[in-house]
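Listed below, chain by chain, are the residues.
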Amino acid sequence: MGLRDENGGFVFDSAMLQKQANLPSEFLWPQEDLVEAQEELNEPLIDLGGFKRGDEVETARAAELLSKACSEHGFFQVTNHGIDATIIQAAHNEIDTFFNLPLDKKLSLRKKPGSLNANGYSGAHAHRFQSKLPWKETYTLLHHENDPSNPNIIVDYCKSVMGEDFEHTGWICQRYCNALKELGLLITELLAISLGVDRFHYRNFFEDCVSMMRCNYYPPCQNPGLTFGTGPHCDPNSLTILHQDQVGGLEVFSNNKWKAIRPEPGALVVNIGDTFMALCNGRYKSCLHRAMVNRNLERKTIAFFLSPREDRVVRPPQELFSREEPRKYPDFTWPEFWEFSQKHYRSDVTTIDNFIKWKLSSKPSGTFTSVA
Ligand SMILES: O=C(O)CCC(=O)C(=O)O
């Protein structure tokens, strides 16, 4: 029986729990889900250098690698991505400071149960779930660079909610997100090339995207074989770009097996999410992934999630559907899907299909057109 908050929710006191020999029952996952990966994924390490320089041969090669990886499992890594190592390190330093704050301070910044606002702290997602909790703390910051009323949304949030002392944290995270958004747009160009559609189709669609940065802290766990750092799930958003430290623990489901991802120094991890799967009419897979915990080492990652602006209609370009290859998903918007994914018990491989079933049953005259 662990510490409880005023709503009866589990309080994830990571400093105390990492020393505890027995795992609280809230963190136990079914044994059959916990089978460890026996091999590594042979995902491509895509060098973006040639593509950025406009080298046609290297661009074609990168697009080919990307197409194969995204059709098989939706996962790849990128190098020469242009994100300065100093801004990545600076973001990690701010995050370390945040997770080292006293528990009371972190709890004062926590997400409210039932709220759709992604901003804030969460200990083991206990504001949403009571069982099969993930062994981690998270801190999430919403990013929207193109909102003219608030171009420095993260700085303002950090100052107003965390306090004036966190203005510096805000600037670092703001710069990190601005840079990651630019990289995300670049990757959408390569995705478009690989799919044979207009190179700027997705860049234009995501130019004014909403995104968010989620910092994950996985403390050591005395019982690593009984729980997950992050349970198996697909990301509901479009693209995820993750920076992970060198500890390892990320695994991807491919060819009916869980496969471990070897951390590549200097690389960023990219995966396709459900919304991009809809935007390419299912040609690319939303990646099913999970994160394991470590008995001795803490692990830290920063996920950057790219999603369309609230009012944009998620619909594949004309070239990707036809009478022979009908549309797999009806039109929807990101806020509709986000809300569904937050109310659905957990995001997994079935979330988007369940969302579509729900959408079509609640709006029978919806905008789904199955043919060109
Ligand atoms: O930390 C990781 O390796 C994965 C994180 C993740 O899947 C998430 O934050 O959704």
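Going by an unreviewed UniProt entry, the chain carries the name Fe2OG dioxygenase domain-containing protein and comes from Quercus lobata. Check the Sequence similarities (unreviewed entry) section of the UniProt entry for the chain; it says "Belongs to the iron/ascorbate-dependent oxidoreductase family. GA20OX subfamily." Under the Cofactor (unreviewed entry) heading, UniProt states for the chain: "L-ascorbate".

Colleague: Is there a simple way to explain the environment of K19 in this structure?
Modeller: Mapped onto the elements of the fold, K19 is located in the loop between helix 1 (14-17) and strand 1 (39-40). Residue classification places K19 among the exposed positions, given that 10 C-beta atoms sit within 10 Å. Considering only alpha carbons, one finds K19 and Q222, 203 residues apart in sequence, at a separation of 7.1 Å.

Colleague: Is there a simple way to think about the sheet that holds strand 4 (residues 120-123) in this case?
Modeller: Adjacent strands of a sheet form backbone hydrogen bonds with each other and so pair up, either parallel or antiparallel. The strand order 2-3-11-8-13-6-5-4 describes an open sheet built from eight strands, whose pairing is mixed. In this open sheet, the two edge strands, each paired with only one partner strand, are strand 2 (45-47) and strand 4. Geometrically, the sheet is characterised by an average inter-axis angle of 25° between neighbouring strands, direction not taken into account. Sheet topology places strand 2 next to strand 3 (residues 75-79); three bridges connect them, and they run parallel. Across the sheet, residue L45 finds its bridge partner in strand 3, namely Q77. Contacts between helix 4 (residues 85-99) and the sheet are confined to strand 5 (137-143), strand 6 (210-218), strand 8 (239-244) and strand 13 (299-307), with strand 13 contributing the most and set at about 110° to the helix.

Colleague: Teacher, can you tell me more about the UniProt feature "domain: Fe2OG dioxygenase" (unreviewed entry) in the chain here?
Modeller: Here the UniProt feature "domain: Fe2OG dioxygenase" (unreviewed entry) sits at residues 209-308. Between the end C-alpha atoms of residues 209-308 there is a gap of 5 Å, over a span that is 6% helix and 45% strand.

Colleague: Looking at this structure, I do not really get the pairing of strand 8. What am I missing?
Modeller: Walk down a regular strand and you will see the side chains alternate between the two sheet faces. Judged by how many residues are buried, strand 8 sits mostly within the fold: six of six residues are covered. What you see with strand 8 is no split at all: L239, I241 and H243 on one side and T240, L242 and Q244 on the other are buried throughout. Pairing geometry for strand 8 and strand 11 (residues 268-272), over four bridges, is antiparallel. Residue pairing across strands places T240 opposite N271, the latter belonging to strand 11. In the sheet, strand 8 pairs with strand 13 via six bridges, with the strands oriented antiparallel. Following the sheet pairing, H243 is matched in strand 13 by I302.

Colleague: Would you mind going over the pairing of strand 5 with me for this structure?
Modeller: Extensive coverage of strand 5 is indicated by the burial of five of its seven residues. As paired elements, strand 4 and strand 5 share four bridges and run antiparallel to each other. Its bridge partner being in strand 5, G123 is matched across the sheet by E137. With seven bridges joining them, strand 5 and strand 6 adopt antiparallel strand pairing. Each residue of the ladder has a partner; that of Y139, found in strand 6, is C215.

The rules we used
Residues numbered from 1 in each chain as written. Predicted model: local features only at pLDDT ≥ 70, side-chain atom pairs only at ≥ 80, totals over all residues. UniProt positions renumbered as here; feature names shortened; annotations may be inferred. Helix = DSSP H or I, 4+ residues; strand = E, 2+ residues; numbered from the N terminus. Buried ≥ 20, exposed ≤ 12 C-beta atoms within 10 Å, placed from the backbone. Pairing = 2+ DSSP bridges. Axes fitted to C-alpha atoms, helices over the stretch in contact; angles between N-to-C directions. Contact = placed C-beta atoms within 7 Å.

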